[in-house]
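Here is how the chains run, residue by residue.
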Amino acid sequence: MAKKVAVIGAGVSGLISLKCCVDEGLEPTCFERTEDIGGVWRFKEKVEDGRASIYQSVVTNTSKEMSCFSDFPMPEDFPNFLHNSKLLEYFRIFAKKFDLLKYIQFQTTVLSVRKCPDFSSSGQWKVVTQSNGKEQSAVFDAVMVCTGHHFLPHIPLKSFPGIERFKGQYFHSRQYKHPDGFEGKRILVIGMGNSGSDIAVELSKNAAQVFISTRHGTWVMSRVSEDGYPWDSVFHTRFRSMLRNVLPRTVVKWMIEQQMNRWFNHENYGLEPQNKYIMKEPVLNDDVPSRLLCGAIKVKSTVKELTETSAIFEDGTVEENIDVIIFATGYSFSFPFLEDSLVKVENNMVSLYKYIFPAHLEKSTFACIGLIQPLGSIFPTAELQARWVTRVFKGLCHLPSERTMMMDIIKRNEKRIDLFGESQSQTLQTNYVDYLDELALEIGAKPDFCSLLFKDPKLAVRLFFGPCNSYQYRLAGPGQWEGARSAIFTQKQRILKPLKTRVLKDSSNFPVSFLLKILGLLAAVVAFFCQLQWS
């Protein structure tokens, strides 16, 4: 008899959890409090309580080939970085392809999730929901929480003395939807993460002046990387990940600084991070340097105090006549339908084994999916989490002892602090490729490079030096997809397809840039020998 699984939330994590349940022969029921799928990626003009909210212009920071689900590539004509409406279209195609909508109960709020009285033997949960004003309860064999962590705004007003005197408008970035109504305003954006930077850039095109206050500074990257390819398809390779792991930390830190300053010198722009050697998530924004050069945005230090109309900064400077303050200060997360003893949130942190399982439960029948912030796409990450979780629920994979899990939680947190720092915004941060491989190893889906070197050396080279995409985890093991190898070798085609909208005449297959490199190398060799001869 198949196990009944409650999936809470029909966003990205909820959709992929549904598919993984079906793939493993489980019986899922998804509870979604709104009327549609998509979660944070479904734009709505009005902000809704308990639901993530985005602004109209949001575009993904990770590219389509690095973000798609492992056995379902995005259409090749989709742009590489997708507007939220385009990404939602992909989710709709995905849900239709795998017939997932029939498992979802829309406009149904989960009120509570509690252990059944016989939990120590059954591992079952009582889930109480509300729909159309009526409460219902049902018993499930397992629970997957897929509610995300972008719906409870963090506004530290106590850190801004004088805010109660400020006569202008102020609100959290969650409330921001579009630039209409901010024309000619003097605007202060507090916080320079991805949302704060996006909003500052968008407003700066019509505002009188935009200021952006950053406490620690930040690295800013372009979505466009080497030869015009998406940044993550170049950055996230196994080869580069290996180098970052095996090289001395001082060398890695130097490499990171060089790479981040390749586009522009952050010190010159007042953006260099206070602790530049911590691997904090960079800001992905192609317009920030340009808007700074134009003077449309000005970078400021931490706000020390606010008056009725002005902002006083820690460096002693003052900006007068501020009309609007936008707090892009991130989010806290909570689970109001859970008991604190199950998943306790302290200092915006939760104690979960590999960011998924509570370590203290007698039965491994509860998991959080997508409660993580990888230095890469969340979609393949949540998918591998769900693939592992459903196999644990089914009894095909087993968790270690509570003691082992707690030791792992402590060690992982120490490593996280060492790499990413102690900022509230970094509590869920983790390395991308390392974490994907770690999850894949649990289910036997990590590529076997030693074997591939002999059986399929071309594929082995591509896996090691090419983009570490989700298809790699469908080559072998449970859920093997026969199209995985082809998807790996054709991803360049899908990257370039939406860019080639102008027909060009056939050009030489021998690139001029490569010829110049060869000639440059020969010139260097000749110069070296000439120097030897003259000396």
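What you see is a predicted model, and the numbers here were worked out from it, not measured in a lab.

About the thresholds
- Residues numbered from 1 in each chain as written.
- Predicted model: local features only at pLDDT ≥ 70, side-chain atom pairs only at ≥ 80, totals over all residues.
- Heavy atoms only, no water.
- Patch = residues over 30% accessible without salt bridge, like charges linked within 9 Å, V, L, I, M, F, W, Y side chains within 5 Å.
- Areas by Shrake-Rupley, 256 points an atom, 1.4 Å probe, with all protein chains shown as cover.
- Salt bridge = Lys/Arg side-chain N within 4 Å of Asp/Glu carboxyl O.
- Helix = DSSP H or I, 4+ residues; strand = E, 2+ residues; numbered from the N terminus.
- Buried < 20%, exposed > 50% of the residue type's maximum accessible area, 1.4 Å probe, protein only.
- Domains from an automatic or database assignment.
- Core = buried A, V, L, I, M, F, W, Y, C linked by side-chain atoms within 4.5 Å.
- Axes fitted to C-alpha atoms, helices over the stretch in contact; angles between N-to-C directions.
- Parallel < 35°, antiparallel > 145°, perpendicular 65-115°, else oblique.
- Left-handed = near helix turned anticlockwise from the far one by under 90°.
- Contact = heavy atoms within 4.5 Å.

Participant: Lay out a nonpolar patch on the surface in plain terms, naming residues and giving numbers.
Facilitator: A surface patch of nonpolar side chains, about 440 Å² in accessible area, is lined by Phe-239, Met-242, Val-246, Val-461 and Phe-465. Elements represented by at least two residues in the nonpolar patch include exactly helix 7 (238-246) and helix 14 (457-465). Tallying contributions element by element places helix 7 first for the nonpolar patch, with three residues. By the secondary structure assignment, Met-242 is in helix 7. On the basis of relative accessible area, Met-242 is assigned to the partly exposed category, the value being 33%.

Participant: Kindly report on the domain arrangement of the chain, identifying the contributing residues and their values.
Facilitator: Its domain assignment divides the chain into domain 1 (4-151 + 333-440) and domain 2 (154-222 + 263-330). Each of domain 1 and domain 2 has a C-alpha centre, and these two points are 31 Å apart.

Participant: Please give an account of the nonpolar core that cites residues and values.
Facilitator: With 95 residues, the main nonpolar core has Tyr-90, Phe-91, Met-144, Ile-187, Phe-357 and Trp-388 as its most contacted residues. Mapping this core onto the domain boundaries places at least three of its residues in each of domain 1 (4-151 + 333-440) and domain 2 (154-222 + 263-330). Residues Ala-6, Val-143, Val-145 and Leu-371 belong to the second largest nonpolar core, which totals 23 residues.

Participant: Tell me about the environment of Gly-25, and name the residues and values.
Facilitator: Among the secondary structure elements, Gly-25 is positioned in the loop between helix 1 (12-23) and strand 2 (27-31). We classify Gly-25 as partly exposed; its relative accessible area is 44%. Separated by 369 residues in sequence, Gly-25 and Lys-394 place their C-alpha atoms 8.6 Å apart.

Participant: Talk me through the packing of helix 10 (residues 378-394) against helix 12 (residues 432-443); I want residue IDs and the actual numbers.
Facilitator: Look at helix 10 against helix 12: their axes get within 9 Å of each other, and the N-to-C directions meet at 20°. Judged by the angle between their axes, helix 10 and helix 12 are roughly parallel. The interaxial crossing formed by helix 10 with helix 12 has left-handed handedness. In contact with Pro-380, Thr-381, Leu-384, Gln-385, Arg-387, Trp-388 and Arg-391 of helix 10, helix 12 contributes Tyr-432, Tyr-435, Leu-436, Leu-439, Ala-440, Glu-442 and Ile-443.

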